[in-house]
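Residues per chain, in single letters:
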Amino acid sequence: MGVNIAGRSFLKLLDFSSDEIRYLIDLSADFKRLKRSGVPHRWLEGKNIVLLFEKTSTRTRCSFEVGGMDLGMGVTYLDPGSSQMGKKESIEDTARVLGRMYDGIEYRGFDQAIVEELAAKAGVPVWNGLTTEFHPTQMIADMLTVRERFGKFEGIKLTFFGDARNNVANSLMVACAKLGMHFCACGPKENMPSEELVCTCKSIAAQTGGSVTLTDSVCEGARDANVIYTDIWVSMGESEELWAERIRLLSPYQVNASVMERAAEDAIFMHCLPSFHDTKTTIGASIAQKFGICEMEVTDEVFESPRSVVFDEAENRMHSIKAVMYATLK
Ligand code: CP
Ligand code: NVA
């Protein structure tokens, strides 16, 4: 039977079967081919979408905007500063209003419970553009990137280094489990994903031929890894005061040349971006001044190396977000 997710919200990968996730990855590859060969695909002409952002964004916002416009849709961007949302009107009330006007709603913000509530109230598909717990659209792009490099998912080992209980790490663990990959979280014990989520992912992996392991050993994490993945050490919405502690805890898990050397011969480096690999940002420069470090979760050498596929990942955000919108709105 064919896969059909029309009318559904896209809130977290746990809500989708392995086949449904593979379908979204295949569809993303189709959209990439269309875009690259200049074939118009205004298949959702006449529809309109709204993007609710409570946190900043470059890739996710632009992917929804360009993706929506390529599909022929009208797109409205709302940040907390330019609408009633948050200050004078609750998120739920905003959703009920927007659900009367738009065909789909994207939300980036805080608790997963908010996006779940939006979806329950809006009456139209809601897409999670990042919450504290999960970043599911990032996963479709990342898994497309993995398949472009290795031609398969089964048996591929992906190790996440660093803050292994953040939204991206949580989502990677689910994505790998669903696709029969070997996920390894490599970081200090204090920053491991919740026991509950680990348990859920282990039982999914048991059915798909994948696995989930947690380690505080860099050697073990890097050994035979095909994909070395990391993310920033302090996520959006977390206190600036956490930097000192995170630098102390996570510096041993920085992705550098020695980590890449320990990985599989064909290993690639992935990062959802943005990344602190130099001091060309205000935060990067201020950390350098305060703590005397010029690179954080990844060295500039690895970030700029031929093994790094971070800009393929960034491009794939657009193709995959287009796939998510099309599959749920068609
Ligand atoms: N990777 C990602 O979500 O990037 P933005 O924060 O720029 O959207
Ligand atoms: N963990 C990061 C991901 C950014 C795309 C954050 O939440 O800030």
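See the structure printed just above.
The structure presented is a predicted model; accordingly, all values stated were derived computationally and were not measured.

This paragraph deals with the site of ligand 2. As a structural note, the neighbourhood of ligand 2 is formed by Leu-130, Asn-166, Asn-167, Val-168, Asp-231, Ile-232, Ser-235, Met-236 and Leu-273. Asn-167 places a polar side-chain atom, nitrogen or oxygen, 2.8 Å from a nitrogen atom of ligand 2. Side-chain polar atom of Asp-231 to a nitrogen atom of ligand 2: 2.6 Å apart, as the coordinates give it. Alone, ligand 2 offers 270 Å² of accessible surface; in the complex the protein occludes 97% of this. Taken together, the residues of the shell around ligand 2 sort by class into five nonpolar, three polar and one charged.

Before going further, it helps to examine the packing of helix H1 (residues 18–36) against helix H13 (residues 310–329). The N-to-C vectors of H1 and H13 enclose an angle of 115 degrees; their axes lie 8 Å apart at closest approach. Handedness of the H1/H13 crossing: right-handed. Here Tyr-23, Leu-24, Leu-27, Ser-28, Phe-31, Lys-32, Lys-35 and Arg-36 of H1 come into contact with H13, specifically with Glu-315, Asn-316, Met-318, His-319, Ser-320, Lys-322, Ala-323, Val-324, Tyr-326 and Ala-327. Broken down by class, the residue content of the contact of H1 with H13 amounts to nine nonpolar, four polar and five charged.

On to the sheet that holds strand E8 (residues 227–230). What the five strands build is an open sheet, ordered E7-E6-E5-E8-E9; its pairing is parallel. Where the open sheet ends on each side, the last strands, each with one partner, are strand E7 (211–215) and strand E9 (268–271). Taken pair by pair, the neighbouring strands of this sheet meet at an average axis angle of 20 degrees, ignoring direction. One ladder, built from four bridges, connects strand E5 (residues 157–161) with E8; its direction is parallel. Bridge assignment links Phe-160 to a residue of E8, and that residue is Tyr-229. The strands touched by helix H5 (residues 136–150) are E5, E8 and E9; relative to E9, the strand with the most contacts, the crossing angle is about 170 degrees.

Time to look at the side chain of Ser-9. Topologically, Ser-9 is positioned in the segment before H1. Within the structure, the side chain of Ser-9 is placed 2.9 Å from the backbone nitrogen of Val-126, a separation counted as a polar contact. Sequence-distant contacts of Ser-9, defined by excluding residues within four places in its chain, comprise Phe-16, Ala-119, Val-124, Pro-125 and Val-126.

One pass over the full model with this rule turns up nine aromatic pairs. An angle of 45 degrees between the planes, with centres 5.5 Å apart, marks the rings of Phe-53 and Tyr-77 as tilted. Taken as a pair, Phe-53 in strand E1 (residues 48–53) and Tyr-77 in strand E2 (residues 74–78) lie far apart in primary sequence, 24 residues in all. By relative accessible area, which is 1% here, Phe-53 ends up buried. Among the residues examined, Tyr-77 registers a relative accessible area of 24% and is labelled partly exposed. Ring pairs connect the aromatic residues Phe-31, Trp-43 and Tyr-326, which therefore count as one cluster. Lying over the aromatic face of Phe-110, Lys-55 brings its terminal NZ or CZ to 4.7 Å of the ring centre.

Cut-offs used in this document
- Residues numbered from 1 in each chain as written.
- Chains lettered and ligands numbered in written order.
- Predicted model: local features only at pLDDT ≥ 70, side-chain atom pairs only at ≥ 80, totals over all residues.
- Heavy atoms only, no water.
- Near = heavy atom within 4 Å.
- Polar contact = N/O pair within 3.5 Å; in protein donor to acceptor, adjacent residues only side chain to side chain.
- Areas by Shrake-Rupley, 256 points an atom, 1.4 Å probe, with all protein chains shown as cover.
- Nonpolar A, V, L, I, M, F, W, Y, C, P; charged D, E, K, R; others polar.
- Axes fitted to C-alpha atoms, helices over the stretch in contact; angles between N-to-C directions.
- Helix = DSSP H or I, 4+ residues; strand = E, 2+ residues; numbered from the N terminus.
- Left-handed = near helix turned anticlockwise from the far one by under 90°.
- Contact = heavy atoms within 4.5 Å.
- Pairing = 2+ DSSP bridges.
- Phe/Tyr/Trp six-rings, centres within 6.5 Å; stacked < 30°, edge-to-face > 60°.
- Buried < 20%, exposed > 50% of the residue type's maximum accessible area, 1.4 Å probe, protein only.
- Lys NZ or Arg CZ within 6 Å of the ring centre and 35° of its normal.

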